[in-house]
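So you can see what is in the structure, the chains are spelled out below.
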Amino acid sequence: MKKILIPVTNHGTLGTTDQANGTYSPELTHALHAFLEAGFEYDIASIKGGKAPIYGTDIEGDVVNDAILNNQEFQNKLNNTLPVSDVNIDDYDAVFYPGGFGLLSDLASNHDFAALSAKHYEKGGIIAAVCHGPAALLPIALSNGESLLANKSVTGFTREEEIDYGTINDVPFLLEESLARNAARYSKVQPWGEFVIEDERVITGQNPTSAHAVAAAIVKQLAK
């Protein structure tokens, strides 16, 4: 049985504003839908553990989002996330970081999850992220001292999408710029279009639209 580790943010607002935030629900639920259909197990973890903040739970017509949100096992896992100190990374076949603005304020600079992800990757595991999730890849350093992203092609939420969403002035930092500076290559398509980059065992998606496709790429790689 394949098992996925899903680190999520403990930060419940958009940057230093008072706007409710956290993990963006559809990026988590649409990925989980693909994992569950493949028969995978999963754990949800966070830096501190406990109840994780989530937003985007009231999107009209999103039946996948609604179905996962109404799943009791999912609610139990979201309300009782594993603290990073309790995570045994050897239990997992892939690490998937969903987005949302919250993680820009914690996972984007957290070295505990970064160390676990580095160990996982160097043992042959998959690291994946979508939308703002790739921010959590920024602190991952391999045992040779190199950044995980130093030789990788990636994508992530774009400057244009921040402008469209009205968050350009409130985000702690601009993800596109950080990825462009730190990764070997940053690529994007037009705002809100589905776009996924697989660079061997590092898989990234540009925006919420890409969440299911990132998960599908994980499923495909684990089926090999």
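Heads up: the structure comes first, above all this text.
Cut-off values and rules
Residues numbered from 1 in each chain as written. Predicted model: local features only at pLDDT ≥ 70, side-chain atom pairs only at ≥ 80, totals over all residues. Heavy atoms only, no water. Buried < 20%, exposed > 50% of the residue type's maximum accessible area, 1.4 Å probe, protein only. Helix = DSSP H or I, 4+ residues; strand = E, 2+ residues; numbered from the N terminus. Pairing = 2+ DSSP bridges. Salt bridge = Lys/Arg side-chain N within 4 Å of Asp/Glu carboxyl O. Contact = heavy atoms within 4.5 Å. Phe/Tyr/Trp six-rings, centres within 6.5 Å; stacked < 30°, edge-to-face > 60°. Lys NZ or Arg CZ within 6 Å of the ring centre and 35° of its normal. Expected span 1.5 Å × (residues − 1). Polar contact = N/O pair within 3.5 Å; in protein donor to acceptor, adjacent residues only side chain to side chain. Core = buried A, V, L, I, M, F, W, Y, C linked by side-chain atoms within 4.5 Å.

### Digging into the pairing of strand S10 (residues 196–199)
Turning to step 1, where the next piece is worked out: Residues Ile-197 and Asp-199 line the buried face of S10, whereas the alternating positions Val-196 and Glu-198 sit on a face that is not buried.
Turning to step 2, where the next piece is worked out: The sheet contact formed by S10 and strand S11 (residues 202–205) spans 4 bridges and is antiparallel. Residue pairing across strands places Glu-198 opposite Ile-203, the latter belonging to S11.
Turning to step 3, where the next piece is worked out: Between the end of S10 and the start of S11, which pair antiparallel, lie 2 residues, with Glu-200 showing a positive phi angle near 55°.

### Quick word on the pattern of salt bridges
Turning to step 1, where the next piece is worked out: On inspection of all chains with the given rule, the structure shows 8 salt bridges.
Turning to step 2, where the next piece is worked out: Of the charged contacts, one joins Asp-43 and Lys-77 as a salt bridge, the two residues approaching to 3.4 Å between their closest N and O atoms. Taken together, the residues span a long stretch of sequence, with Asp-43 in strand S3 (residues 41–46) and Lys-77 in helix H3 (residues 72–79) at a distance of 34 residues.
Turning to step 3, where the next piece is worked out: The salt bridge involving Lys-188 is made with Glu-176; its shortest N-O contact spans 3.0 Å. Taken together, the residues span a long stretch of sequence, with Lys-188 in the loop between strand S9 (185–186) and S10 and Glu-176 in helix H6 (residues 175–182) at a distance of 12 residues.
Turning to step 4, where the next piece is worked out: A relative accessible area of 34% means that Lys-188 is categorised as partly exposed.
Turning to step 5, where the next piece is worked out: Taking the relative accessible area as the measure of exposure, Glu-176 reaches 15% and is therefore buried.

### Remarks on the environment of Ile-126
Turning to step 1, where the next piece is worked out: With respect to the helices, strands and loops of the structure, Ile-126 is situated in strand S7 (residues 126–130).
Turning to step 2, where the next piece is worked out: Separated by 29 residues in the primary sequence, Ile-126 and Tyr-97 place their C-alpha atoms 11 Å from one another.
Turning to step 3, where the next piece is worked out: Apart from residues no more than four positions distant in its own chain, Ile-126 is found in contact with Asp-93, Ala-94, Val-95, His-120, Arg-201, Ile-203, Ile-218, Gln-221 and Leu-222.

### Re the pairing of S11
Turning to step 1, where the next piece is worked out: Neither face of S11 is left uncovered, since the one carrying Val-202 and Thr-204 and the one carrying Ile-203 and Gly-205 both have all their residues buried.
Turning to step 2, where the next piece is worked out: The pairing of S7 with S11 spans 4 bridges and is classified as parallel. By the bridge assignment for S11, Ala-129 is matched with Thr-204.

### Some remarks on the packing of aromatic side chains
Turning to step 1, where the next piece is worked out: For the structure shown, the criterion picks out 7 aromatic pairs.
Turning to step 2, where the next piece is worked out: Ring geometry for Phe-35 against Phe-40: centres 6.3 Å apart, planes inclined by 20°, an arrangement best described as stacked. Each of the two residues, Phe-35 as well as Phe-40, counts as buried.
Turning to step 3, where the next piece is worked out: Through successive ring pairs, a cluster of aromatic residues spans Phe-101, Phe-157, Tyr-165 and Trp-192.
Turning to step 4, where the next piece is worked out: The positively charged end of Lys-77 is found above the aromatic ring belonging to Tyr-42, 5.0 Å away from the centroid.
Turning to step 5, where the next piece is worked out: The ring of Tyr-121 carries Arg-201 above its face, with NZ or CZ at 4.1 Å from the centroid.

### Comments concerning helix H4 (residues 111–122)
Turning to step 1, where the next piece is worked out: Counted at 1.5 Å a residue, the expected span for H4 with its 12 residues is 16 Å, and the 16 Å between its end C-alpha atoms agrees.
Turning to step 2, where the next piece is worked out: Listed in full, the buried residues belonging to H4 are Phe-113, Ala-114, Leu-116, Ser-117, Ala-118, His-120 and Tyr-121.
Turning to step 3, where the next piece is worked out: Buried residues belonging to H4 abut strand S1 (3–7), S3, strand S6 (94–97), S7 and S11.
Turning to step 4, where the next piece is worked out: Residue Asn-110 occupies the N-cap position of H4, its side-chain oxygen lying 3.2 Å from the main-chain nitrogen of Asp-112.
Turning to step 5, where the next piece is worked out: In the stretch just after H4, Gly-124 is the one whose phi turns positive, near 100°.

### Section: the nonpolar core
Turning to step 1, where the next piece is worked out: In this structure, Ile-4, Ile-6, Phe-35, Phe-74, Phe-96, Tyr-97 and Ile-218 are the most contacted members of the largest nonpolar core, which totals 68 residues.
Turning to step 2, where the next piece is worked out: Apart from the residues lying within four places of it in its own chain, the contact partners of Phe-96 are Ile-4, Leu-5, Ile-6, Pro-7, Glu-27, Ala-31, Phe-35, Ala-128, Ala-129, Val-130, Val-214 and Ile-218.

Note that all results are geometric; they support no functional claim without further evidence.
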